[in-house]
Each structure stands twice: as C-alpha cells, then as structure tokens.
Amino acid sequence: MITPATRHAVENLCQRNQAVILDFTTERLHIAAVEPLPQEIIAALRFAAHCAIDVEYWPPARLEQFRQEQGHPSSGHRTDITERNSETATERIDHLLYLAIEQRASDVHIEPQANDLRIRFRVDGVLQTVSPNGSDNGNALLARLKIMASLDIAERRMPQDGQFTLTLRGKQASFRLATLPTGFGEKAVVRLLQSETQSVALENLGMSLTSLRRFREALARPQGMILVTGPTGSGKTFTLYSGLSSLNEPGRNLCSVEDPIEIPLPGVNQTQTHPRNGLDFNRVLRALLRQDPDVIMVGEIRDSETAEIAIKAAQTGHLVLSTLHTNSTTETLTRMGQLGIPGYLLASALKLVIAQRLVRRLCPHCREPAEALAHFPRALWPGTVQNWRAVGCEHCYSGYYGRLALFELLPITAQLQNAIAAECSHEQLLALVHQQDFNSLFVEGLHCVNRGDTTLAELNRIVGTDDG
Ligand SMILES: [Zn+2]
C-alpha cells in the first residue's frame, strides 16, 4: 500500500525535477521527464517510492500538455501548509518563473478568482493555464513578488510596478512585475525581460538578406535616425538591441535611455528612467547628449519633447535608434508630424523605418499542406500561395511552436525625403512608397506561408487581411 506521505514525497520530487507521474503502484513507479534525471534523483525516488523506477523521455510540449490535461495534480494529503507559507511562496515563485523560462513564456499571470487562484503563462502570444498547486496562496505569492521587486507589500489598493533579477538553476534572468487590484484581490503580471538564452545578433533576427543589408547600411551611417515600429509585444525592442550590439565596439560611445532596461549589454551605458523621481526620457536624453555619445538608443518616443530632442540629436552627428507605437512604416511618417516634428526636420534626420510583427511558427513535425490560394492581386503576389494546416502533435502546441518575425523596411530615399519635407499627405506618401522596391508585412508574410513557416490564418490574425 502506498501511504499518503510516500505519495506526497514522490510527487514533490517529481515536481522539483520537471517530471510527471504516469503510473504508481507498489511494484513500480513510472514517470516521464524531459531530460535524463541525475542518478541521485533516481536514487532519491527509489528510496521514497520503495519500488522500481521507470523513466520515459518526452518532448517538453508533450509533458506540458500532459500536465494541462491532468488539471489539478492530486495534491496528496497536505497538512499544515499555512505555517510554512513564506518558505512555500518563495519556492513556488522560483519554480513558476523557472517553468515559465523553460516553456518560453513571455508573461506569467497570477490572478485571484472567486474561490481559487488562476495561473497562466503566455506562450507564443497565447495564454495557457498552468496546473495550479493545491496550496497556492495568492496573498503569499504576491507578497513574495513584491519583496523581490522592492515594492510596498502593505499597499494592495494601488497598482505598482518594479523589476528584479533572479538566478534560477545557474541562469540569470530579469523580470518586470506589475500589480493591479481586482474584484477578488490583487493580481500580478510578471514579464520575462531577458534570459541568458537569447542572442542579440543581427543575423539571428530572421530578416531576409535584402532587409538585413538595408538595416546594416542605415546602421553604418554616422548620423541619422532609425525607427522600429509595431504594437506592444512585436519584438521591436529586441530588433533595436540587435542593431545597437552590432555597433558595440570600443571606438564608439553607445548609450541608451530605457524603461525598463530589458537586456543588459556589456559596453553600453544604459540608463533607466524613474518618472516618479522626475527622471523621465527627456531629462535622461538631455544628460546623455552631454556625455559625448556616438550612438543613442531611446527606448520609445512617447511625446513631442522626446521626439524633438531625438530628431535634433540625429541631425547633430549622432545615430539615434528608437521605437514608435504605430502600425506601419508609412503611418510612422505621419505620426512624427502629429508629434510636432516639421516635415523638413524629419526628412533630413530619418534614414530607415522598420515595421515588425511576430507570427506563430508552424510545427514542422505535423503541418499539412492545404489548398493553394490564388485570390491575391497580381501586383501583390503573382500565381498561387501554398497554404498549410496547423494540426498539432506531441512536439508543439496546437500545430504551432515558437514564433518568427516579419519585417517591412522602408529606407528613406531622396524622392521620399522630398515628399516628407513638402509635408505630403499620407495617401501621397503611400503611393510613392509603393513605387519603390518595397515588401509590405503582408507580402513578407505570404512568403512565409508559401514556405510552410506559418499559415494564412495566422498571418491574417496578426497582420490583417490586406496590404494597408
Ligand atoms: Zn506538431
């Protein structure tokens, strides 16, 4: 007979080592894990279970799917959890954040519900519910997170945000925490800013050769502005970091003003804004300009004042990289006008605009060819596009695994420069852009669909149905 204490000990060991129990009898414990378990863990399991141990190795996605299907893992017969709450919360948060990194999550949501706590991970842009732990205590988890991010634990009625860095099983990762009071208590969203696994090399962005060449040409200029645009979570900051790190050599002074510093780059002077202490983008940017910079990265242009200083810097011998929250490259041109930048200033400073999106990547193990599509305007796509079906298998989540970036690059040519200086309308600029050698996000996406990297449905979900 397996006692509750034995079961509890075995479950704990499995959970700590990313393993799941498939079957547990008095003769045999059958488990699945992603990586070979160290001998001492097997020995500990054998000691705890008093029986033979069989281990199967599964792909991470299959293991995660199994956990989800199991729903609430049988929580054994836990007693006296409350007196260990602080310790449990610390371990639980470390474990959750570790799992989040393992599963490539971008955000962790901890949400109090009417009767329990819901925990969800955003993976490849979609939220997935994580099997809750029977003993999860929302208040304790929130308190632990707040301590880590140096927030006020007693304050539960106002939203707060902060950052922290953690070493999880030897790997350093930084996180941003945002809390918000809701009807059932305080909820938290933890965003994974950077883990050591990401590489910021230009070649790894996934740009086409033409786009990469254009990006490099703009980066090689001694002065001017490069803008990357897209909605939140489209990877634009990552593109900026890749550009910045390609210029990172001892002969240049690179500085950045960011909110927050997402990836620490050795050799770059990164400054974080602290609006509460009066240290905002404008103030840091003004101070940076007195620091003899060559390249300046401005995390985001949010207001007229920042736009104005950034444009002036780009005209006075500095290369300025920044992001703007717009939907397309052409919309960026008009948006800068709305921020009060006169056309002639923008025309002389701006060198390149990049728009980008992230689409889910089809799982190569289970994708299936669908019918070829031929309803696109000839100017957009002559001939047919091979479409694909997302099926789903043990290697992926619902037919997709990971994401890939689509880029639309708009170099500011002499012709375009004249039109911007003359304050032409958005329609006139758009017409001019389409006369240039220009691949829109949608056409870039069609190439990816045709290659079998994503589906038309996914492209429509992220980019929209037309070429606007
Ligand atoms: Zn698959």
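Residues numbered from 1 in each chain as written. Predicted model: local features only at pLDDT ≥ 70, side-chain atom pairs only at ≥ 80, totals over all residues. Heavy atoms only, no water.

Asks: Where do I start with the overall build of the chain in this structure?
Replies: Summing up its helical and strand segments, the chain has 15 helices and 18 strands in all. Summarising its shape, the C-alpha atoms of the chain cover approximately 85 × 60 × 45 Å along the three principal directions. By residue count, 48% of the 468 residues in the chain fall in the buried class. When contacts within the chain are restricted to residue pairs at least 6 apart in sequence, those whose partners lie at least 24 apart make up 63%. (Helix = DSSP H or I, 4+ residues; strand = E, 2+ residues; numbered from the N terminus. Buried < 20%, exposed > 50% of the residue type's maximum accessible area, 1.4 Å probe, protein only. Contact = heavy atoms within 4.5 Å.)

Asks: I would appreciate a short explanation of the environment of Gly 383 in the present structure.
Replies: Note that Gly 383 resides in the loop between β16 (368–373) and β17 (385–389). In this structure, the C-alpha to C-alpha distance between Gly 383 and Ala 372, residues 11 residues apart in sequence, is 9.6 Å. If we ignore the near neighbours within four places in the chain, the residues touching Gly 383 are Leu 373 and Ala 374.

Asks: Explanation requested: unusual backbone geometry in the structure shown.
Replies: Excluding glycine, a negative phi dihedral is what most residues carry, and trans is how most peptide bonds are arranged. Here the residue pair Asp 259 and Pro 260 is connected by a cis peptide bond, since its omega of -5° sits within 30 degrees of zero. Residue position: Pro 260 is located in the loop between β11 (254–258) and β12 (269–272). Although it is not a glycine, Arg 104 adopts a positive phi angle of roughly 60°. Note on placement: Arg 104 falls in the loop between α4 (85–102) and β4 (105–112). For Arg 104, a relative accessible area of 30% gives the class partly exposed. For Asp 124, which is not glycine, the phi dihedral falls at a positive 55°. In this structure, Asp 124 sits in the loop between β5 (117–123) and β6 (126–129).

Asks: Even after reading the chapter, I still don't get the sheet that holds strand β15 (residues 350–362), so can you show me in this structure?
Replies: Two strands in a sheet stick together by hydrogen bonds in their backbones, pointing the same way (parallel) or opposite ways (antiparallel). Taken together, the seven strands give an open sheet; going across it, the order is β12-β11-β13-β14-β10-β15-β18, and neighbouring strands pair in mixed fashion. Lying at the two open borders of the sheet, with one neighbouring strand each, are β12 and β18 (400–411). Taken over all neighbouring pairs, the strand axes of this sheet differ in orientation by 15° on average, direction set aside. With four bridges joining them, strand β13 (residues 295–298) and strand β14 (residues 319–324) adopt parallel strand pairing. Each residue of the ladder has a partner; that of Met 297, found in β14, is Leu 321. Seen against the sheet, helix α15 (residues 456–463) touches β15 and β18 and runs at an angle of roughly 135° to β15. (Pairing = 2+ DSSP bridges. Axes fitted to C-alpha atoms, helices over the stretch in contact; angles between N-to-C directions.)

Asks: Where do I start with the environment of Met 1 in this structure?
Replies: Of note, Met 1 is situated in the segment before α1 (4–16). On the accessibility criterion, Met 1 (84% relative accessible area) is exposed. Separated by 26 residues in sequence, Met 1 and Glu 27 have C-alpha atoms that sit 9.9 Å apart.

Asks: Hey, could you run me through the coordination of the zinc ion in this one?
Replies: Under perfect tetrahedral coordination by four donors, a metal shows angles of 109.5 degrees; under perfect octahedral coordination by six donors, it shows angles of 90 or 180 degrees. Coordination sphere of the zinc ion, protein contribution only: Cys 363 (SG), Cys 366 (SG), Cys 393 (SG) and Cys 396 (SG), at 2.3 to 2.4 Å. Around the zinc ion, the four donor atoms are arranged such that angles at the metal cover 103 to 114°; this shape is classified as tetrahedral. On the accessibility criterion, Cys 366 (9% relative accessible area) is buried. (Donors = N, O, S within 2.8 Å, 3.2 Å for Na, K, Ca; no water. Tetrahedral: all angles 85-135°; square planar, octahedral: opposite > 155°, others 65-115°.)

Interpretation in functional terms is not warranted from these geometric data alone.
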